[in-house]
Amino acid sequence: MKKIYSTLLGLLVVIGFAQANPGDTTWVQANNVKLDYYNDFDTAVTFPDGSVTYRKVLMIFTLGKYACPAGSQYCSQWDYDVHNYVMTPTGDTMELSRLITPFANNGWSRFPSTWQQPYVFDVTDFVSILKNNATSRIHYSGYSGGFTANIKFAFIEGVPERNVTGISKLYDGGYDYGNAADNINNHFPALNQTAPAGTQSAVAKFIITGHGSDTINQCCEFDSHEYDLLINNNSIATKTLWRDNCGINDVYPQGGTWIYDRANWCPGASVVPIYHNLPGITAGSNYDIKLKFEDYTNYSSTKGWGNYKVSGAVIYYGGVNKTLDVSMEDIISPTSYPDHYRKNPSDNKPVIKIRNSGQNAINSIQFSYGVEGQPAQQYTWNGTLASLTDTTISLPEVTAITNLSQNNASGNYKFNVKVLAVNGQADADATNDSLHSNFIVAPLWPGRMIAYMRSGNITADGNLSNGTAANWQGSWEITDMNNNVIASRSNAKTNSTYNDTVTITTSGFYKITVRSTLCMGLHWWPYDSPNSGITPGALIVKQLNGTNIPMKGYQYAGSNLKDFGEHDDFGCEYSQYFYAVPSPVGVNELDNSYSLTVYPNPASDVIHIDVHGINAAADIQLVNVVGQVVYAAHTKNQSVSIPAKDLANGIYSLIYSVGNSRKIEKVVIAK
């Protein structure tokens, strides 16, 4: 066990979590292994000794890839369940978290050989067994290798939201579902429990996923079922085991059947625990608790059964420790954290997630926020947030982000947000008041563009077109930040081509959204089967001169259907934010009618500009990475020199504007 402050702080910035002061966090390395085949991967770990209290304990599981040996039969990155346990010398074994590996096959743009994905789990409730000598176990269910796993724990000192007075393990195992000779409910007997001293409330926590498939209903991976949680033989909750949003998974595009909804999991995603509040449980309460799956029988034993993998525990809590406390939980935008891949880069209105970690209701919060290196802005949120509940807040526009997108800035920036006051007074716990994230900005697009759409032959109801003009399954729209539709194509017919000219009349942020009724994108890999009879579609956004406009995580098609490969494979929906400035009809904002030479690049003392093919007055601006104009001129000279010796090293945007046309060049200052 050791404290690695700089490494921890860097990781917590990447994943977007609040942090304590550097000296208050202990970083513990656990497993660092290759997941090469079905097995338990155990690593001896020395956790803190329990003499210090922790506000939060995070488990960071970083999934990666390794190169499969040539000719390897059992090495391919497919969807497998990964269970993470802690095992103590006294026999306590508890599943802390679970995730499902993605279809991360080679050849997909999202999964280069260096690919890594962090999965962050809050394991604060298990701090009583995360101490001294223990074993961290990864149970990998794959009958094929190709993944790496690295687990680290961050112990952040401070006062927790509530003290855990006890943990009682309930169930842990995988069981056939539908086997009349061995009913799954036989494995979930009623268990007698007594709440420990100091208990004021309790929750039951379950991690449950369905796997395998019978040939009747494809149970359990692709079949929805439910269970009841019984207290003293009375149902207090019913839960359907299904996840219906795999087609908007942030880990995309993948190979395989990643878009299909499943029994409480999606390929490439962490498994979200299920929590049930246990009513009336306080210190000394004695009760029976039982899990009961709905009745289901597959009588054909020759066709096999699927199964559910279940772990569960009861967690007992004392009272809420702090009277008035806001906890900064997450930055949803702007951020480069992979869990919010679909939502970023975004516009200039940050979205954050907060939690009321205190006893009292919250009705106002004062925030300070902005881009690092620029003046901070302030905003007071007013509303009602009850104790131990979360909410998301959209903050007002950040001027610095607007300036960066206006100038088509590239590179990474840092966003900071901090709580200044709660209900008009100081927050009780300052250690969870701050968050920061790394981010890139939305790009600058021309004010006039062409949306080229070629539709395929899959109709909106999932059938193949028989040659008639049926409604296609794809559509697109461009909206402003008030959700007003600026342009759209929602009535496309199969086997058709559309060229729609889009005109932006007001400067600002916009969003293009592409939708697939069938959640198969516009082109999914099964379309490529020679026997499928499927013709994929395509959407390409172009400048007026025909140049393609790049979109993050969106691969344009080739000119020949056979050249398509991976593209437009976004599942249910794809969004791209951009900033646009109006252009008059007939004028291309990014003009190619004249040329601009900028040298030397990198520059140290002076930047020279030579213009060819135009003789008109121009506005010249040199803008730094945070959107500040450090040089400006209006001139008809064909050769211009910009002093650079007093400029700081870094990347600058040189903007050359003639009327409503402009050119933008990146210039590096290096001395």
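This write-up is about the structure you can find in this document.

What counts as what
Residues numbered from 1 in each chain as written. Predicted model: local features only at pLDDT ≥ 70, side-chain atom pairs only at ≥ 80, totals over all residues. Heavy atoms only, no water. Buried < 20%, exposed > 50% of the residue type's maximum accessible area, 1.4 Å probe, protein only. Helix = DSSP H or I, 4+ residues; strand = E, 2+ residues; numbered from the N terminus. Contact = heavy atoms within 4.5 Å. Disulfide = S-S within 2.5 Å. Pairing = 2+ DSSP bridges. Axes fitted to C-alpha atoms, helices over the stretch in contact; angles between N-to-C directions. Salt bridge = Lys/Arg side-chain N within 4 Å of Asp/Glu carboxyl O.

With that settled, consider helix H2 (residues 399–406). Within H2, the full set of buried residues consists of Ala 400, Ile 401, Thr 402, Leu 404 and Ser 405. Each element contacted by the buried residues of H2 is listed here: strand S19 (362–371), strand S22 (413–422), strand S23 (434–439), strand S24 (444–445), strand S29 (508–516) and strand S31 (573–580). Just beyond H2, the residue with positive phi is Asn 408, at close to 55°.

A few words on the state of the cysteines. Tallied over the entire structure, the rule returns three disulfides. Note that Cys 246 is cross-linked by a disulfide to Cys 266, the S-S spacing being 2.1 Å. The sign of the -90° torsion about the S-S bond sets the Cys 246-Cys 266 disulfide as left-handed. Here Cys 266 lies in the loop between strand S13 (234–241) and strand S14 (274–277) and Cys 246 lies in the loop between S13 and S14, a separation of 20 residues in the sequence. The pair Cys 246 / Cys 266 is uniform in exposure class, with both members buried. Disulfide pairing places Cys 519 opposite Cys 572 at an S-S distance of 1.9 Å. Sign of the S-S torsion, about 100° for the bond between Cys 519 and Cys 572, identifies this disulfide as right-handed.

Our next topic: the sheet that holds strand S11 (residues 201–211). Within the open sheet, the four strands sit side by side as S9-S16-S11-S14. Their pairing is antiparallel. Every interior strand has two partners, whereas the edge strands, strand S9 (162–177) and S14, have only one. On average, adjacent strands in this sheet sit at an angle of 20° to one another, irrespective of strand direction. Summarising the sheet, S11 and S14 pair through four bridges and their orientation is antiparallel. Bridge assignment links Ala 204 to a residue of S14, and that residue is His 276.

This part covers the pattern of salt bridges. The full count for this structure, using the stated rule, is 15 salt bridges. With a closest N to O distance of 2.9 Å, Lys 309 and Asp 81 form a salt bridge. Separated by 228 residues along the polypeptide, Lys 309 in strand S16 (residues 306–320) and Asp 81 in strand S4 (residues 81–87) bring together distant segments of the chain. Connected via shared salt-bridge partners are Glu 161, Lys 353, Arg 355 and Asp 390.

What follows is about the sheet that holds strand S25 (residues 448–454). Spatial strand order, S28-S25-S30: three strands in an open sheet with antiparallel pairing. Looking at the sheet topology across the chains shown, the edges are occupied by strand S28 (497–503) and strand S30 (538–542). When the angles between neighbouring strand axes are averaged without regard to direction, this sheet yields 15°. As paired elements, S25 and S28 share seven bridges and run antiparallel to each other.

The quantities given are spatial measurements derived from coordinates; they are silent on function.
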